[in-house]
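Residue-level listing of the chains:
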Amino acid sequence: MRIVIIGAVAGGASAAARARRLSEQAEIVLIERGEAPSFANCGLPYYVGGVIEQRDKLLVAPAQRLMERFRLDVRTRTEAIAIDRANRTVRLRYLENGDEYDLPYDKLILSPGAAPIRPNIPGVDLPQVFTLRELRDADRLHAAAKDAKRAVVIGGGFIGLEMAENLVHRGIATTIVELADQILPPWDAEMVSPLAAHLREKGVTLKLSNAAEAIEPAGNGVVVRLRSGESLEADMVVLSVGVRPENHLAVNCGLAVAERGGIQVNGQMQTSDPDIYAVGDAIETRNLVDGTPAQIPLAGPANRQGRIAADHIFGRSTRFAGIQGTAIVGAFEMAAAMTGLSEKVLRKAGTPFEKVYIHPANHAGYYPGAKQMSIKLLFEPDGGRLLGAQAVGRDGVDKRMDVLAVAVKAGMTAFDLEEFELSYAPQFGSAKDPVNMAGFVASGVVRGDHPIAHCEDLPQQAGAGGELVLDVRMTGEFAAGNIPGAVNIPVDVLRERLGELDREQPIIVYCQVGMRGYIATRILLQNGFNVRNLSGGYTTYKQVTAAQQNAG
């Protein structure tokens, strides 16, 4: 059997290695357009920034190693230009000299990836404008950054933030231009507002709700003209506005392709032609949580899909269950992570949900170095099945999101989170881990023990809507900042001052992060009041208002 794999890097290289482990007899041909069949594309920004100093460190599996260890026929600098399904051949072109030839296959695996989107604006092809996908792109950016003083990054997603951090690391004044009213558009806005503030503190200029309309040459650099009328001078421009599935081979040979361009596959990664498989960033799969079509370019799923394609070719019954979008991005010692569905996706789909916010420390507060993080948990209001989670902070964000990702994958509920037994020592966590705390809060909501409100429920004006906003923090905390129109009665004297409150008036109570608000809620409920606790307290309120200010 001859297996031809078009595209290496993550999915294709994983498929090739898995196929060899399953069969010593198969002929496995790995076709790669670039110079290296398997490299760490997620590490490219850090090579540009000088964090990864040696380029060779990016080579995960050099061609020679793949040939020697796995006996693969590796053909680099070779491009697949057409598929003849009737004759089961692939037309290949050797890029060094343009020679073309046909290669027969028994099974074909497509792993072409996704190409950076180049917006249709004047000047996008100027030599000072870059994208980042492969090693040669990183080499060009690395060279350009040596003499650059000013950079504009167009797009505030994963690559945009990582490039901004690394350009600043090189001493380059950097501006991010983002069309959305927030950085990291897949996240909910309030969950990334702390990271946006942190970027600004580190010297990154953010131009949100804005877009580049033209890039014009100016001396040795360029001028980026924005929709707002502003002009930004730059020595280099990095395009990071997203990626598009590289599907032309599939389209031209008649394979089924989804509306957004992803190659359609089944659970075994077969396309509409059972002898052709597709994996990685070029495909459309299903969202694990709600079953809707999904195109989420991530390295982990691509690697698993490559393994599954190889398994199926050799008669194994493994199946790709779907993608849940577990992701993390770091910038200047902070991180934002997410898994499953966001609130904005749930609202758009009309899916019933509830949410809670908590703001725990990454480890025991009495142990030196504890740092606060913010966690948002989304779940079904009836039954508490987990729908998604997001977190932002410094240390410990990755650990908690990985645990929550497993819980979402397993279809668990908020009640399960209460029962998780997680590793604990004071320098690593707390006896009640943040994951447990999220479960305690969400479970209390589902049980009806903990009625909650959210910032969108707050009266627009003091006294409006007949609800009293009650701040139960200490008087000093209240004086330092509060929700406009709030009345302050500290929780420690609340029982003695119940007579100051009207049992006929609904109350929204809040504290700094939600805990004292919960205690106050329980006191008031058991004394006949109609009360809800503002989830996440004043900390969430500040994050929400910061996101609103970012949106203009």
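Check the entry above for the structure.
Residues numbered from 1 in each chain as written. Predicted model: local features only at pLDDT ≥ 70, side-chain atom pairs only at ≥ 80, totals over all residues. Heavy atoms only, no water.

What follows covers the overall build of the protein. Scanning the protein from N- to C-terminus turns up 15 helices and 31 strands. On C-alpha atoms alone, the protein measures out to a radius of gyration of 26 Å, which is about the 24 Å that the 2.2 N^0.38 rule sets for 552 residues. Dimensions of the protein, computed from C-alpha atoms along their principal axes, come out at roughly 90 × 60 × 45 Å. Counting only residues that meet the buried cut, the protein has 53% of its 552 residues in that class. Of the roughly 23800 Å² of accessible surface on the protein, a fraction of 48% belongs to carbon and sulfur atoms. Charge centroids of the protein, computed over 58 positive and 64 negative side chains, lie 3 Å from each other. (Helix = DSSP H or I, 4+ residues; strand = E, 2+ residues; numbered from the N terminus. Rg over C-alpha atoms; globule rule 2.2 N^0.38 Å. Buried < 20%, exposed > 50% of the residue type's maximum accessible area, 1.4 Å probe, protein only. Areas by Shrake-Rupley, 256 points an atom, 1.4 Å probe, with all protein chains shown as cover. Lys, Arg positive; Asp, Glu negative; His and termini not counted. Charge placed at Lys NZ, Arg CZ, Asp CG, Glu CD.)

Our focus in this paragraph is a nonpolar patch on the surface. On the surface, a nonpolar cluster with roughly 360 Å² of combined accessible area is contributed by Tyr366, Tyr367 and Tyr424. Mapped onto the secondary structure, Tyr367 falls in the loop between β24 (354-358) and β25 (374-379). (Patch = residues over 30% accessible without salt bridge, like charges linked within 9 Å, V, L, I, M, F, W, Y side chains within 5 Å. Salt bridge = Lys/Arg side-chain N within 4 Å of Asp/Glu carboxyl O.)

On the basis of which strands lie adjacent, the open sheet formed by three strands has the order β18-β20-β21 and mixed pairing. Strand pairing shows two members of the sheet lacking a second neighbour, β18 (263-264) and β21 (293-294), which therefore form its edges. Looking at chain direction, strand β20 (residues 283-286) and β21 are connected through two bridges and run antiparallel. From the neighbouring strand, Arg286 faces β21, where its bridge partner is Pro293. (Pairing = 2+ DSSP bridges.)

The next thing to look at is the packing of helix α1 (residues 11-22) against helix α8 (residues 299-313). It is the contact of α1 with α8, at a shortest axis distance of 7 Å, that shows an interaxial angle of 35°. Here α1 runs over α8; the crossing is right-handed. Between α1, through Gly11, Ser14, Ala15, Arg18, Ala19, Arg21 and Leu22, and α8, the contact on the second element is made entirely by Ala302, Asn303, Gly306, Arg307, Ala310 and Asp311. Residues belonging to the contact of α1 with α8 are distributed by class as follows: five nonpolar, four polar and four charged. (Axes fitted to C-alpha atoms, helices over the stretch in contact; angles between N-to-C directions. Left-handed = near helix turned anticlockwise from the far one by under 90°. Contact = heavy atoms within 4.5 Å. Nonpolar A, V, L, I, M, F, W, Y, C, P; charged D, E, K, R; others polar.)

The next subject is the pairing of strand β12 (residues 205-208). Two elements, strand β11 (residues 173-178) and β12, share four bridges in a ladder whose sense is parallel. Bridged to Glu178 within β12 is Leu208. Between the parallel elements β11 and β12, the chain passes through helix α6 (residues 189-201) in a crossover that is right-handed. (Right-handed = clockwise from strand over helix to strand, strands pointing away.)

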